[in-house]
Amino acid sequence: LLDSSAATLLLSAQTAQLEGKEDVAQLKFEQMLKRPQTEFLGVRGLLADAVKRGDQEEALGLAKRAYERSPNTSWVLTTYFDLLTRNGKWAEAYELIGDMAREKLLTGPEASRRRALMKHMMAVDALEEGKDREALDVGKRAAGLAPAFSPAAVTAAEAAKRLGKLRAAKRLIEDCWTLEPHPELARAYAELVPGETAVERLNRCARLEKLRPGHLVTQMVMAELAMNARHWDTAKRHLDLALNSGPTAGTYRLYAEYAGA
């Protein structure tokens, strides 16, 4: 009775979906693209279908079209951001974060953390492509946005190390370690100087203990380094401190290694 009105097209597409006739639904959604009043609904229907089929390229193109049509719509922003990150489009995703924050989809801290993560992933890509200078610059921005985010500090430090900037690499790791010790930070710090002995490495990494002496991760790291250097008394002291600060499965495993050495 309604012929081919906008409402009829939408109802026909939804009915086809409920009946499992995806090809018919897709045809109706494509017809909706040709009308200004139904274009947005058509894009949304085709986008949902592309996501369901796992066609990332088509879904990303449709999400971009939806964003250009309605950049302030919540589902458009979240869907477009998700598809961009799935496809490694870190720079484009970074630009969306401001829109998401303005629409109250992200709190201030969440927006900062996502910005840091996007910058970090840009740095990782640059590092893999051998663009060490770019990786260092972008990695430092990521570390500035989230100073306690250890992956950002590790990536930036690796870029600085490749460029021969060992003091900068050391400072990046130490700054992050001071805020929140993490095993990956300790690993990166230990590997800053190639060719040193286990004893030399233990002595150099004592700097980490001075920065956060009472932290469980500090004691675990120093105990393992001491064991590698065969400084058993030092290892025992750190293991005892680790147990006293809050025993974990990892602490007991390391203690077992010490006992069996």
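Keep in mind the model is a prediction, meaning the values are calculated, not measured.

S.K.: What is the right way to read helix 3 (residues 39-53) from this model?
M.R.: Side chains three or four residues apart in an α-helix point the same way, a direct result of the helix having 3.6 residues per turn. Here helix 3 contains 15 residues, and its C-alpha end-to-end distance of 21 Å stays within 8% of the 21 Å for a straight helix at 1.5 Å per residue. Once helix 3 finishes, Gly54 follows within two positions and takes phi at roughly 80 degrees, a positive value.

S.K.: Any chance you could explain the packing of helix 3 against helix 4 (residues 56-69) here in plain terms?
M.R.: One way to put it is that helix 3 packs onto helix 4 with a least axis distance of 9 Å and a crossing angle of 155 degrees. In terms of orientation, helix 3 lies roughly antiparallel with respect to helix 4. In this structure, helix 3 crosses over helix 4, and the sense of that crossing is left-handed. Of helix 4, the residues touching helix 3 (which contributes Glu39, Phe40, Val43, Leu46, Leu47, Ala50, Val51 and Arg53) are Glu58, Ala59, Leu62, Ala63, Arg65, Ala66 and Arg69.

S.K.: Teacher, can you tell me more about the pattern of salt bridges here?
M.R.: A side chain with one charge can pair with a side chain of the opposite charge if their charged atoms come near. Tallied over the full model, the rule gives 15 salt bridges. Put simply, Arg207 and Glu174 hold a salt bridge, and the shortest N to O gap is 3.6 Å. Residue Arg207 is found in helix 12 (residues 198-211), and its partner Glu174 is found in helix 10 (residues 166-179); the two are separated by 33 residues along the sequence. For Lys236, the salt bridge goes to Asp240, with nearest N and O atoms at 2.8 Å. With Lys236 and Asp240 both in helix 14 (residues 232-245), this residue pair falls four residues apart, about one helical turn. Overall, Lys236 belongs to the partly exposed group, its relative accessible area being 30%.

S.K.: Help me understand helix 10, please; the structure alone is not making it clear to me.
M.R.: Here helix 10 is 14 residues long and its end C-alpha atoms lie 20 Å apart, about the 20 Å a rise of 1.5 Å per residue gives. Burial in helix 10 covers these residues: Ala168, Ala169, Leu172, Ile173, Glu174, Cys176 and Trp177. Check the buried side of helix 10 and you find it contacts helix 8 (132-145), helix 9 (150-162), helix 11 (183-190), helix 12 and helix 13 (216-228).

S.K.: Looking at this structure, how should I read unusual backbone geometry?
M.R.: Glycine aside, negative phi is the norm for most residues, and most peptide bonds take the trans geometry. Phi is positive for Lys104, close to 65 degrees, though the residue is something other than glycine. Within the secondary structure, Lys104 sits in the loop between helix 6 (90-102) and helix 7 (108-128). With relative accessibility at 71%, the residue Lys104 sits in the exposed group.

What counts and how
Here, residues in each chain are numbered from 1, in the same order as that chain's written sequence. Whole-chain, interface and lining totals are the exception, using all residues; otherwise, since this is a predicted model, local features are given only for residues with pLDDT of at least 70 and side-chain atom pairs are given and counted only at 80 or more. Only hydrogens and water are set aside when side-chain values are computed; all heavy atoms of the structure are taken into account. The helix and strand labels rest on DSSP assignments: H or I over at least four residues marks a helix, E over at least two residues marks a strand, and numbering proceeds from the N terminus. Helix span, expected: 1.5 Å multiplied by one less than the number of residues in the helix. In this analysis, axes come from line fits to C-alpha atoms, helices being fitted only over the stretch in contact, and the angle between any two N-to-C directions falls in the range 0 to 180 degrees. Geometric relationships in this document are graded by angle, where less than 35 degrees denotes roughly parallel, more than 145 denotes roughly antiparallel, 65 to 115 denotes roughly perpendicular, and other angles denote oblique. The handedness criterion is simple: a crossing whose near helix is rotated anticlockwise from the far helix by less than a right angle is left-handed, and one whose near helix is rotated clockwise is right-handed. Residue contacts are defined here by distance: any two heavy atoms, one from each residue, within 4.5 Å place the two residues in contact. We define a salt bridge as a side-chain nitrogen of Lys or Arg found within 4 Å of a carboxyl oxygen belonging to Asp or Glu. The classification of residues rests on relative accessible area computed with a 1.4 Å probe and restricted to protein chains. Under 20% of the type maximum is buried, over 50% is exposed, and intermediate values are partly exposed.

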